[in-house]
Amino acid sequence: SAVISQKPSRDICQRGTSLTIQCQVDSQVTMMFWYRQQPGQSLTLIATANQGSEATYESGFVIDKFPISRPNLTFSTLTVSNMSPEDSSIYLCSVEGYGYEQYFGPGTRLTVT
Amino acid sequence: TQLLEQSPQFLSIQEGENLTVYCNSSSVFSSLQWYRQEPGEGPVLLVTVVTGGEVKKLKRLTFQFGDARKDSSLHITAAQPGDTGLYLCAGLGTGGTSYGKLTFGQGTILTVHP
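What counts and how
Residues numbered from 1 in each chain as written. Chains lettered and ligands numbered in written order. Predicted model: local features only at pLDDT ≥ 70, side-chain atom pairs only at ≥ 80, totals over all residues. Heavy atoms only, no water. Disulfide = S-S within 2.5 Å. Helix = DSSP H or I, 4+ residues; strand = E, 2+ residues; numbered from the N terminus. Buried < 20%, exposed > 50% of the residue type's maximum accessible area, 1.4 Å probe, protein only. Contact = heavy atoms within 4.5 Å. Pairing = 2+ DSSP bridges. Axes fitted to C-alpha atoms, helices over the stretch in contact; angles between N-to-C directions. Buried area = accessible area lost by both parts, 1.4 Å probe. Salt bridge = Lys/Arg side-chain N within 4 Å of Asp/Glu carboxyl O. Polar contact = N/O pair within 3.5 Å; in protein donor to acceptor, adjacent residues only side chain to side chain. Nonpolar A, V, L, I, M, F, W, Y, C, P; charged D, E, K, R; others polar. Phe/Tyr/Trp six-rings, centres within 6.5 Å; stacked < 30°, edge-to-face > 60°.

A. Spotlight on the state of the cysteines. On inspection of all chains with the given rule, the structure shows two disulfides over all chains. A disulfide bridge connects Cys23(A) with Cys93(A), and the sulfur atoms are separated by 1.9 Å. Classification of the bridge connecting Cys23(A) and Cys93(A) rests on its S-S torsion, roughly 75°, and on that basis the disulfide is right-handed. With a gap of 70 residues between them, Cys23(A) in strand E3 (residues 19-25) and Cys93(A) in strand E9 (residues 89-96) connect regions that are remote in the sequence. Across the pair, Cys93(A) and Cys23(A) agree in class, each one buried. The disulfide partner of Cys23(B) is Cys89(B), and the gap between their sulfur atoms is 1.7 Å. Judged by the sign of its S-S torsion, about -90°, the cystine formed by Cys23(B) and Cys89(B) is left-handed.

B. Layout of the side chain of Thr48(B). All names here are of chain B. Mapped onto the elements of the fold, Thr48 is located in strand E5 (residues 44-49). Classification of Thr48 as buried rests on a relative accessible area of 16%. When neighbours within four sequence positions are excluded, Thr48 is seen to be in contact with Ser31, Leu32, Gln33 and Lys56.

C. Structural detail: the sheet that holds strand E1 (residues 4-7) of chain A. Residue and element names in this part refer to chain A. Pairing is antiparallel across the open sheet formed by four strands, whose spatial order is E1-E3-E8-E7. In the strand order of this sheet, the two ends are held by E1 and strand E7 (68-72), each with one partner. In this sheet, neighbouring strand axes are inclined to one another by 15° on average, regardless of whether the strands run parallel or antiparallel. One ladder, built from four bridges, connects E1 with E3; its direction is antiparallel. By the bridge assignment for E3, Ser5 is matched with Gln24.

D. Representation of the interface of chain A and chain B in the model. Contact with chain A, which involves 16 residues of that partner, is made by 19 residues of chain B. In this assembly, chain A packs against chain B so that about 1,300 Å² is buried in total across both faces, 57% of it on carbon and sulfur atoms. Of all residues in chain A, the largest losses of buried area upon contact with chain B belong to Ser42(A), Tyr100(A) and Phe104(A), amounting jointly to 33% of the total for that side. At the boundary of chain A with chain B, the tally comes to one salt bridge. We note a salt bridge from Glu58(A) to Lys101(B), for which the minimum N-O separation is 3.2 Å. Taken together, chain A and chain B are joined by six residue pairs in polar contact (both at pLDDT 80 or more). Mapped by element, the contributors of at least two residues to the side of chain A that touches chain B are strand E4 (31-37), E9 and strand E10 (102-104) of chain A. For the side of chain A that touches chain B, the class distribution of residues is six nonpolar, seven polar and three charged.

E. A look at the pairing of E3(A). Residue and element names in this part refer to chain A. Only one face of E3 is buried: it carries Leu19, Ile21, Cys23 and Val25, and the other face, with Thr20, Gln22 and Gln24, is open. Strand direction decides the pairing type here: E3 and strand E8 (residues 75-80), joined by six bridges, are antiparallel. Residue pairing across strands places Gln22 opposite Thr77, the latter belonging to E8.

F. Representation of the packing of aromatic side chains in the model. The full count for this structure, using the stated rule, is seven aromatic pairs over all chains. Their ring planes at 65° and their centres at 5.6 Å tell us that Phe61(A) and Phe66(A) sit as a pair that is edge-to-face. Each member of the pair, Phe61(A) together with Phe66(A), is buried. Judged by centre distance (6.3 Å) and plane angle (50°), the ring pair of Trp34(B) and Phe63(B) falls under tilted. With Trp34(B) in strand E4 (residues 31-37) and Phe63(B) in strand E7 (residues 61-65), this pair connects stretches of sequence that are 29 residues apart. Comparing Trp34(B) with Phe63(B) shows no difference in burial state: the two are buried. One aromatic cluster is present, formed by Tyr35(A), Phe104(A), Tyr35(B) and Phe104(B) through successive ring pairs.

Everything listed is a geometric property; what it means functionally is a separate question.
Shown next as structure tokens:
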């Protein structure tokens, strides 16, 4: 398993601003994933980030709104741009194990006012 | 697109009761994973079932994968307040655009009252 940390753990932001969420893993991994979750609900995959290539976005998510960086094998960032109240959510990063299981960070709780 | 229907959405029970959570789909999955998530934390993997008909036990938790690998269940015996949390099932796609992708169920919020 991997140990994953995220920063910030929570933030309250004003609409129209941007927030960058950091994800740090304690080991080198090929793929990192970014999810969005409403409290008490399921997870929606935003994008998959491979080191050295452009992130792959799921339907409904675009790079201009959620730019992702993956500068090395242990770190990734997700930016939520031009935020609106609809972006209020929990953002989780994860890495994949050998059996495709996911190991998640603790999440970043974002509130947009 | 593969869908995974999880039920019930909410469960509120007394300590000592038994419960079952279901995940059903019309699609076949390579494997089925179960996660538990507590407030302020990310989901934590409980178990992965891979073979049709497989049963795995984790203390008071019993996980079963359907024979056709389209459904799964989680049974908790003698629930305790520490079992409280959000339970998520996730199916691993078998082929085409779903290959290697996880599909998450809607989640079950379990509350066990002392």
